[in-house]
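Given next are the chains, with one letter for each unit.
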Amino acid sequence: MFFTFFRDILKVSRRDVSHNQIAFGAVLGVFFGLVPGILLKIFIFALIMIMQVNIAAAFASAAVFWLIGLFTDPVSDRIGFFILNADSLVPFWSSLYNIPVVPFTKFNNTVVMGNIALSFILSVPVYLLSIGFVAYYRKYWRDRIAKWRIVKLLTAKKAIYN
C-alpha cells in the first residue's frame, strides 16, 4: 500500500495532468487533512471524488496537513474561539445551528472552526505553491527522476512483476 501510494504520485508526475487539477487537489487535501470530524471529512471526500481534481495530490496533501494539524490545535483553538465569539456573527451561528444536519459537523467546537478557518487561510498559498512546484518539477526534474532505477521499478507494469 505504501509503495502503491508513491507509485501513483510518480505516475501523476509523469503524465501531463493540468496544473490546476493538481493544485485544487492539494487545496482540498488541506481541508481533508486539517478539518476534524467524520461528517466534514465525508463531505470533503465526496468533493474530491466528484470534482475533477487530482486524487493523488489531494491525498498526499491531506497526509502532510494531517501531520501539521497535530501541532496546530492550540492556534486553531484561538482562531475558532475568536470567530465563534464575534458579536456580529453570533446570530449567524445560532441560525446555522438550527439547520437539521449542521450541528453534527461540530462547527461550534473552537478547534473545528479554527481548523476550517485555517484551511481557508492556507488554501491560497497552497494553490499558488502547488502550481509553482508542478511547473518547476516538470521543467527541471521530471526527466531526471524518471531515469532513476527505483522510479522505473515503482512505475513498471504489473506484467513485468509476474
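In this text the structure is predicted, and so the values were computed from the model without any measurement.

1. Concerning the nonpolar core
Right, on to step 1. V35, I44, I48 and V126 are the most contacted members of the largest nonpolar core, which totals 19 residues.
Right, on to step 2. For this core, the secondary structure elements donating two or more residues are α2 (19-34), α3 (38-50), α4 (55-69) and α7 (110-146).
Right, on to step 3. In terms of residue count, the dominant contributor to this core is α2 (seven residues).
Right, on to step 4. Discounting chain neighbours no more than four positions away, the residues touching I48 are L28, F32, V53, I55 and A58.
Right, on to step 5. Core analysis: the second largest hydrophobic core is formed by seven residues, I83, L84, V102 and M113 among them.

2. Digging into the confidence of the model for the protein chain
Right, on to step 1. Mean pLDDT over the protein chain stands at 83; residues scoring 70 or higher make up 78%.
Right, on to step 2. Model confidence for the protein chain, summarised as mean pLDDT per element, is weakest for helix α9 (residues 158-161) at 49 and strongest for helix α5 (residues 73-84) at 94.

3. Considering the side chain of S123
Right, on to step 1. Following the sequence through the fold, S123 ends up in helix α7.
Right, on to step 2. Of the polar contacts made by the side chain of S123, one reaches the backbone oxygen of F120; its length is 2.8 Å.
Right, on to step 3. When neighbours within four sequence positions are excluded, S123 is seen to be in contact with V27 and F31.

4. Considering the environment of L96
Right, on to step 1. The residue L96 is located in helix α6 (residues 90-97) in this model.
Right, on to step 2. The spatial distance from the C-alpha of L96 to the C-alpha of F107 is 9.5 Å, given a sequence separation of 11 residues.
Right, on to step 3. Beyond its immediate sequence surroundings of up to four residues, L96 is in contact with V102 and F107.

5. Considering the packing of aromatic side chains
Right, on to step 1. Enumeration according to the criterion identifies eight aromatic pairs in this entry.
Right, on to step 2. For the ring pair F24 and Y127, a centre distance of 5.0 Å and an interplane angle of 40° mean the geometry is tilted. Of this pair, F24 sits in helix α2 while Y127 sits in helix α7, and the two are 103 residues apart along the sequence.
Right, on to step 3. The class for F24 is partly exposed, based on a relative accessible area of 42%.
Right, on to step 4. Aromatic pair Y97 and F107: ring centres 6.2 Å apart, planes at 55°, arrangement tilted. Placement of the pair is Y97 in helix α6 and F107 in the loop between α6 and α7, with a sequence separation of 10 residues.
Right, on to step 5. One aromatic cluster is present, built from ring pairs that chain together F92, W93, Y97 and F107.
Right, on to step 6. K41 extends its terminal NZ or CZ atom over the ring of F32, reaching a point 5.0 Å from the ring centre.

6. Structural notes on the packing of α3 against α4
Right, on to step 1. Remark: α3 packs on α4, axes separated minimally by 9 Å, with the N-to-C direction vectors making an angle of 150°. Our classification of the angle between α3 and α4 gives roughly antiparallel. Viewed along their axes, α3 and α4 form a crossing whose handedness is right-handed. Only I55, A58 and F59 of α4 make contact with α3, whose side of the interface consists of F45, I48 and M49.
Right, on to step 2. Residues belonging to the contact of α3 with α4 are distributed by class as follows: six nonpolar, no polar and no charged.

The rules behind these values
All residue numbers refer to position in the chain's written sequence, counted from 1. Thresholds applied to this predicted model are a pLDDT of at least 70 for local features of residues and 80 or more for the giving and counting of side-chain atom pairs; totals over whole chains, interfaces and linings are not thresholded and use all residues. By convention in this description, side-chain values take in all heavy atoms of the structure and omit both hydrogens and water. Think of a nonpolar core as a cluster: buried Ala, Val, Leu, Ile, Met, Phe, Trp, Tyr and Cys residues, connected wherever their side-chain atoms sit within 4.5 Å. Accessible area is worked out with a 1.4 Å probe on protein chains only. A residue is then buried under 20% of its type maximum, exposed over 50%, and partly exposed in between. Each helix is a run of H or I in the DSSP string that is no shorter than four residues. Each strand is a run of E no shorter than two, and both are numbered from the N terminus. Any two residues whose heavy atoms approach within 4.5 Å are treated as being in contact. What pLDDT expresses is the predictor's confidence in each residue, scored from 0 to 100. The term polar contact refers here to a pair of N or O atoms within 3.5 Å; inside protein, the definition further demands a hydrogen-donor-capable atom paired with an acceptor-capable atom, and it admits residues adjacent in sequence only when both atoms are side-chain atoms. Side-chain rings of Phe, Tyr and Trp (the six-membered ring for Trp) are treated as a pair once their centres are within 6.5 Å; stacked means planes under 30 degrees apart, edge-to-face means over 60, and tilted covers the remaining angles. Think of it as a cone above the ring: NZ of Lys or CZ of Arg counts as a charge over the ring if it is within 6 Å of the ring centre and within 35 degrees of the ring normal. Note on geometry: axes are lines fitted to C-alpha atoms, helical ones only across the stretch in contact, with angles between N-to-C directions running from 0 to 180 degrees. Comment on the angle field: the value is read as roughly parallel under 35 degrees, roughly antiparallel over 145, roughly perpendicular from 65 to 115, and oblique elsewhere. Each crossing is labelled by how the near helix is turned from the far one, with a counterclockwise turn of less than a right angle marking it left-handed and a clockwise turn marking it right-handed. Side-chain classes follow a simple rule in which Ala, Val, Leu, Ile, Met, Phe, Trp, Tyr, Cys and Pro form the nonpolar group, Asp, Glu, Lys and Arg form the charged group, and the remainder, Gly included, forms the polar group.

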